[in-house]
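Now for the letters of each chain:
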Amino acid sequence: MRYTAASGKRGAFLVQKSVQTDFGRRLAACRPIPWEQIPDLGLYMDQVITYIDRQYRALYEEGERLFTPAMVNNYVKMGLVSRPAGKKYGREQLAQLLMIYVLKQAVSAGGMKRLLTPPPGQTVETLYTHFCEQQSLAFEALARELPLPSPLTCAVRGAACRLLCNAMLAAPEQEVEA
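Remember, predicted model here, so these are calculated numbers, not experimental data. For every chain, the first residue of the written sequence is number 1, and numbering continues from 1 along that sequence. Only residues with pLDDT of at least 70 are given local features in this predicted model, and only at 80 or more are side-chain atom pairs given and counted; all residues enter the totals for whole chains, interfaces and linings. Values reported for side chains reflect all heavy atoms of the structure, with hydrogen atoms and water molecules removed beforehand.

1. What to know about the overall build of the protein
Selection criterion: Working definition: helices are DSSP H or I runs of at least four residues, strands are E runs of at least two. Numbering for both runs from the N terminus. Under the scheme applied here, a residue whose accessible area is under 20% of the maximum for its type counts as buried, over 50% as exposed, and between as partly exposed, the area being computed with a 1.4 Å probe on protein chains only. Residues count as neighbours in contact if any of their non-hydrogen atoms are within 4.5 Å of one another. We get accessible surface area from the Shrake-Rupley algorithm with a probe of 1.4 Å; when it comes to residues, only the shown protein chains can shield them.
Helix and strand content of the protein: 7 helices and 0 strands. Ordered by position from the N terminus, the helices and strands of the protein form the series α-α-α-α-α-α-α. Taken over 178 residues, the protein has a buried fraction of 34%. A separation of at least 24 residues holds for 68% of the contacts in the protein among residues at least 6 apart in sequence. Just so you have it, the protein exposes about 10,800 Å², and 57% of that area is on carbon and sulfur atoms.

Given below as structure tokens:
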């Protein structure tokens, strides 16, 4: 059933509440993979796509194509992901792709480049660990807030967060914290 703000039907709200309750459970259960558990044996492209997709599949709608080999190749060309050794992707590249998988929903490629470049003296491991902490906090906070009144409320909130993120990324480099 499609939600319309004008419908005023309790049935539409109940469907939305049920969808949100289910999504909230999936969101709260979605835990980022700790650095030590990311494979470091070198995965080929098809294995990379399968691995990355499995980590977040529960959050997306059935049939949604979320990552493709072309996307991964473009991320490497743009410098968002370190070049693989030969054709094998190791722990560092997988961590970068896991972060991109989440961030691409809210940030431009240029924004991701700034967010995914470790500050001087830090490593991708340190950046990834911080990202995992932030993802857990954000996902848990949203899961606790559900249900929201409508999809429009959710969309407006998402737009506001994206606008704030863009403003922060436009600030001088030293003011931006991943």
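2. Some thoughts on the packing of aromatic side chains
How we decide: Classification of ring pairs rests on two measures: the distance between centres of Phe, Tyr or Trp rings, Trp counted by its six-membered ring, which must be within 6.5 Å, and the angle between planes, read as stacked under 30 degrees, edge-to-face over 60 and tilted in between. A ring has a charge above it when a Lys NZ or an Arg CZ is no more than 6 Å from the ring centre and no more than 35 degrees off the ring normal.
A complete count under the given rule lists 6 aromatic pairs for this structure. Ring plane angle 25° and centroid distance 5.4 Å describe the contact between tyrosine 56 and tyrosine 101, whose orientation is recorded as stacked. Here tyrosine 101 lies in helix H4 (residues 91-103) and tyrosine 56 lies in helix H2 (residues 45-56), a separation of 45 residues in the sequence. A network of ring pairs unites the aromatic residues Tyr56, Tyr60, Phe67, Tyr75 and Tyr101 as a single cluster. Lying over the aromatic face of tyrosine 101, lysine 104 brings its terminal NZ or CZ to 5.9 Å of the ring centre.

3. What to know about the packing of H2 against H4
Here is the rule we go by: Interaxial angles span 0 to 180 degrees and are taken between N-to-C directions of axes, which are lines fitted to C-alpha atoms, for helices over the stretch in contact. In these notes the angle categories are as follows: under 35 degrees is roughly parallel, over 145 is roughly antiparallel, 65 to 115 is roughly perpendicular, and the rest is oblique. Handedness of each helix crossing follows the sense of rotation of the near helix against the far helix: counterclockwise by less than a right angle gives left-handed, clockwise gives right-handed. Ten residue types, Ala, Val, Leu, Ile, Met, Phe, Trp, Tyr, Cys and Pro, are classed as nonpolar, four, Asp, Glu, Lys and Arg, as charged, and the remainder, Gly among them, as polar.
The interhelical angle for the contact between H2 and H4, taken along N-to-C directions, is 45°, at an axis separation of 10 Å. Considering the angle they form, H2 stands oblique to H4. The interaxial crossing formed by H2 with H4 has right-handed handedness. Along the contact surface, H2 presents Val48, Tyr51, Ile52, Asp53, Gln55 and Tyr56, while H4 presents Leu94, Leu97, Leu98, Tyr101 and Val102. Of the residues assigned to the contact of H2 with H4, the class counts are 9 nonpolar, 1 polar and 1 charged.

4. Side note on the pattern of salt bridges
Definition in use: Here, a salt bridge means any side-chain nitrogen of Lys or Arg that lies within 4 Å of a carboxyl oxygen of Asp or Glu.
Taken as a whole and judged by the stated rule, the model has 4 salt bridges. A salt bridge links aspartate 22 to arginine 26; its shortest N-O distance comes to 3.2 Å. One end of the pair is aspartate 22 and the other is arginine 26, both in helix H1 (residues 10-29) and 4 residues apart, which spans about a single turn. Residue classification places aspartate 22 among the partly exposed positions, given a relative accessible area of 35%. Here arginine 31 makes a salt bridge to glutamate 140, at a shortest N to O gap of 2.8 Å. Here the residue arginine 31 occupies a position in the loop between H1 and H2, and glutamate 140 occupies one in helix H6 (residues 124-145), the gap between them amounting to 109 residues.

5. Things to note about the nonpolar core
A general trend in soluble globular proteins is that nonpolar side chains are found buried together. Definition in use: In this text, buried Ala, Val, Leu, Ile, Met, Phe, Trp, Tyr and Cys residues form a nonpolar core when linked through side-chain atoms within 4.5 Å.
Ranked by size, the top nonpolar core spans 43 residues in total, and within it Ile38, Ile52, Tyr56, Phe67 and Tyr128 carry the most contacts. Of all elements in the fold, only H2, helix H3 (69-77), H4, helix H5 (109-116) and H6 reach the threshold of two or more residues within this core. The element contributing the most residues to this core is H4, with 9 residues. With residues near it in sequence (within four places) discarded, phenylalanine 67 still touches Ile49, Ile52, Val72, Tyr75, Leu97, Ile100, Tyr101 and Lys104.

6. Considering the side chain of glutamine 93
Along the chain, glutamine 93 falls in helix H4. Leave out the neighbours within four places in its chain, and glutamine 93 touches Val81, Ser82, Arg83 and Pro84.

7. Remarks on H3
Since there are 3.6 residues in each turn of an α-helix, residues three or four apart along the chain are aligned in direction. Note the cut-off: To obtain the arc, one takes the directions from the helix axis to the C-beta atoms.
All of the buried residues along H3 are Val72, Tyr75 and Val76. For H3, the arc enclosing every buried residue in end-on projection is 100°, short of the 170-degree limit, so these residues lie on one face. Phi turns positive, to about 85°, at glycine 79, one or two residues after H3.

8. Comments concerning unusual backbone geometry
The omega angle of the peptide bond from leucine 146 to proline 147 is 5°, so this bond is cis rather than trans. Position of proline 147 relative to the elements: it lies in the loop between H6 and helix H7 (151-170).

Geometric descriptors of this kind do not, in isolation, establish any biological role.
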